[in-house]
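An overview of the molecular structure
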Amino acid sequence: MWHCSFFAFLFFFLIIPQQNCSPVTSPPADLINTTCKQCADKYPTTFSYDFCTTSLEPIPISHATNLQGLALIAMELALENATNTISKIERLLSSGEFDTFTLWCLKDCMELYRDGVSMLVTSIGVFMIEQYDVADLLLSAVVETASTCEDGFKERQGEAFPLTAQNDNLSQLGDIALCIINLLSVAPSL
């Protein structure tokens, strides 16, 4: 499944440079900072400018792409996070170091993250055919996946949350993609 989305990722970036320039497709000099700032200004209580820039800047192609490319990079990073989280959950489940409650929570999170991976792959596909409203809906559900996983552990006071970092990262990566999709949805098209 991961390999299919990776090839879709490469295909997307091979097409973009061949498109005509427009406000949506031509990359400004500092698209990452500009986009992250716009999103942080638009959602000041929930969006982290620092997380946005530190997530997108290490990806080499992010410096040569357009707004659609940045959204796709954020979705691919979210997919990578979700896939890695499934692996971590599998390790935690087989470690034998958790009580029944924590195992139950981890199993719920596993199901949520598996569904999240499926939704992320679908959201990438619909995003690539510019069905931004559908991609937005799916990504919103993925962000909710992280919150629901975390909430399961909160049902018992004093419970350690072994997936807090992964849940937070998935939520923030989803927020980056959602904000960019929102920017694309209101951008004038030529």
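The numbers attached to residues start from 1 for each chain and follow its sequence in the written order. Two thresholds apply to this predicted model, a pLDDT of at least 70 for residue-level local features and 80 or more for giving and counting side-chain atom pairs, whereas whole-chain, interface and lining totals are computed over all residues. Side-chain numbers come from the whole structure's heavy atoms, not from hydrogens or water.

- Labelled according to an unreviewed UniProt entry, the chain appears under the name Invertase, originating from Actinidia chinensis var. chinensis.
- The UniProt entry for the chain carries the following comment under Sequence similarities (unreviewed entry): "Belongs to the PMEI family." UniProt positions are given in the numbering used here, feature names are shortened, and annotations may be inferred rather than shown by experiment.

Some thoughts on the state of the cysteines
- When two cysteine sulfur atoms are found within 2.5 Å, that pair is recorded as a disulfide. A complete count under the given rule lists three disulfides for this structure.
- With a sulfur-sulfur separation of 1.9 Å, Cys36 is cross-linked through a disulfide to Cys52. Measuring handedness by torsion sign, the sulfur bridge of Cys36 and Cys52 sits at about -70° and is left-handed. Taken together, the residues Cys36 in helix H2 (residues 31-42) and Cys52 in helix H3 (residues 49-56) connect sequence positions 16 residues apart.
- With no disulfide of its own, Cys105 lies 6.7 Å from the sulfur of Cys109, the closest cysteine sulfur.
- Three labels apply to residues, based on accessible area from a 1.4 Å probe with only protein chains included: buried if under 20% of the type maximum, exposed if over 50%, partly exposed otherwise in between. Note on Cys105: relative accessible area 2%, which makes it buried. Comment: elements are numbered from the N terminus, with helices defined as DSSP H or I runs of at least four residues and strands as E runs of at least two.

Details of the pattern of salt bridges
- Whenever a carboxyl oxygen of Asp or Glu lies within 4 Å of a side-chain nitrogen of Lys or Arg, that contact is scored as a salt bridge. This model, assessed by the stated rule, comprises three salt bridges.
- When the shortest N-O distance is used, the salt bridge between Lys37 and Asp41 registers 3.0 Å. Remark: Asp41 and Lys37 occur in helix H2; sequence separation between them is four residues, near one turn of the helix.
- You can call Lys37 partly exposed: its relative accessible area is 45%.

Topic: the packing of aromatic side chains
- Any two rings among Phe, Tyr and Trp, with Trp reduced to its six-membered ring, count as a pair given centres within 6.5 Å; such a pair is stacked if its planes are under 30 degrees apart, edge-to-face if over 60, and tilted if neither. Enumeration over the complete set of coordinates arrives at three aromatic pairs.
- With centroids separated by 5.2 Å and ring planes inclined at 40°, the aromatic side chains of Phe127 and Tyr132 adopt a geometry described as tilted.
- Phe127 gets classed as buried once you look at its relative accessible area, which sits at 1%.

Points about unusual backbone geometry
- One non-glycine residue, Glu130, adopts positive backbone phi at about 60°.
- Considering the arrangement of structural elements, one finds Glu130 in the loop between helix H5 (100-128) and helix H6 (132-154).

Re the confidence of the model for the chain
- What pLDDT expresses is the predictor's confidence in each residue, scored from 0 to 100. For the chain, the average pLDDT comes to 86, and 83% of its residues sit at 70 or higher.
- For the chain, the element scoring lowest by mean pLDDT is helix H1 (residues 2-15), at 44; helix H4 (residues 67-95) scores highest, at 97.

Topic: the packing of H2 against helix H7 (residues 164-186)
- Axes, fitted as lines to C-alpha atoms, cover a helix only where it is in contact. Angles between the N-to-C directions of the axes lie from 0 to 180 degrees. Look at H2 against H7: their axes get within 10 Å of each other, and the N-to-C directions meet at 95°. On the basis of the axis angle, H2 is roughly perpendicular to H7. For the pair H2 and H7, contact is made by Thr35, Gln38, Cys39 and Lys42 and by Cys179, Ile180, Asn182 and Leu183, respectively. Roughly parallel here means an angle under 35 degrees, roughly antiparallel means over 145, roughly perpendicular means 65 to 115, and every remaining angle is called oblique. It only takes one pair of heavy atoms within 4.5 Å for two residues to be counted as in contact.

Description of H2
- By this rule, a helix spans an expected 1.5 Å times one less than how many residues it contains. With twelve residues, H2 extends 16 Å between its outermost C-alpha atoms, agreeing within 8% with the 16 Å of an ideal straight helix rising 1.5 Å per residue.
- Those residues of H2 not exposed but buried are Leu31, Ile32, Thr35, Cys36, Cys39 and Ala40. Seen along its axis, H2 keeps its buried residues to an arc of 155°; they face one direction.
- Looking at the buried positions of H2, the neighbouring elements they touch are H3, H4 and H7. As used here, the arc is the angular range of directions from the helix axis to the C-beta atoms.

Digging into the side chain of Asn66
- Within the element layout of this structure, Asn66 appears in the loop between H3 and H4.
- Residues adjacent in sequence count toward polar contacts only when both atoms are side-chain atoms; beyond that, a polar contact is any pair of N or O atoms within 3.5 Å, and within protein one must be able to donate a hydrogen and the other to accept it. One polar contact links the side chain of Asn66 to the main-chain amide nitrogen of Gly69, over a distance of 2.8 Å.

Section: a negative patch on the surface
- Only residues whose relative accessible area exceeds 30% and that form no salt bridge are eligible for patches; like-charged ones are grouped when within 9 Å, while nonpolar side chains (Val, Leu, Ile, Met, Phe, Trp, Tyr) are grouped when within 5 Å. Only the protein chains shown count as cover for residues, with accessible areas throughout obtained via the Shrake-Rupley method and a probe of 1.4 Å. Positive charge is attributed to Lys and Arg, negative charge to Asp and Glu, and no charge count is given to His or to the chain ends. To locate a charge, the coordinates of NZ of Lys, CZ of Arg, CG of Asp or CD of Glu are taken. A surface patch of like charges, here negative, comprises Asp108, Glu111, Asp115, Glu144, Asp151 and Glu155.
- Sorting the residues of the negative patch by element identifies H5 and H6 as the ones contributing at least two each.
- Per-element tally for the negative patch: the top contributor is H5, with three residues.
- Turning to its location among the elements, Asp115 is positioned in helix H5.

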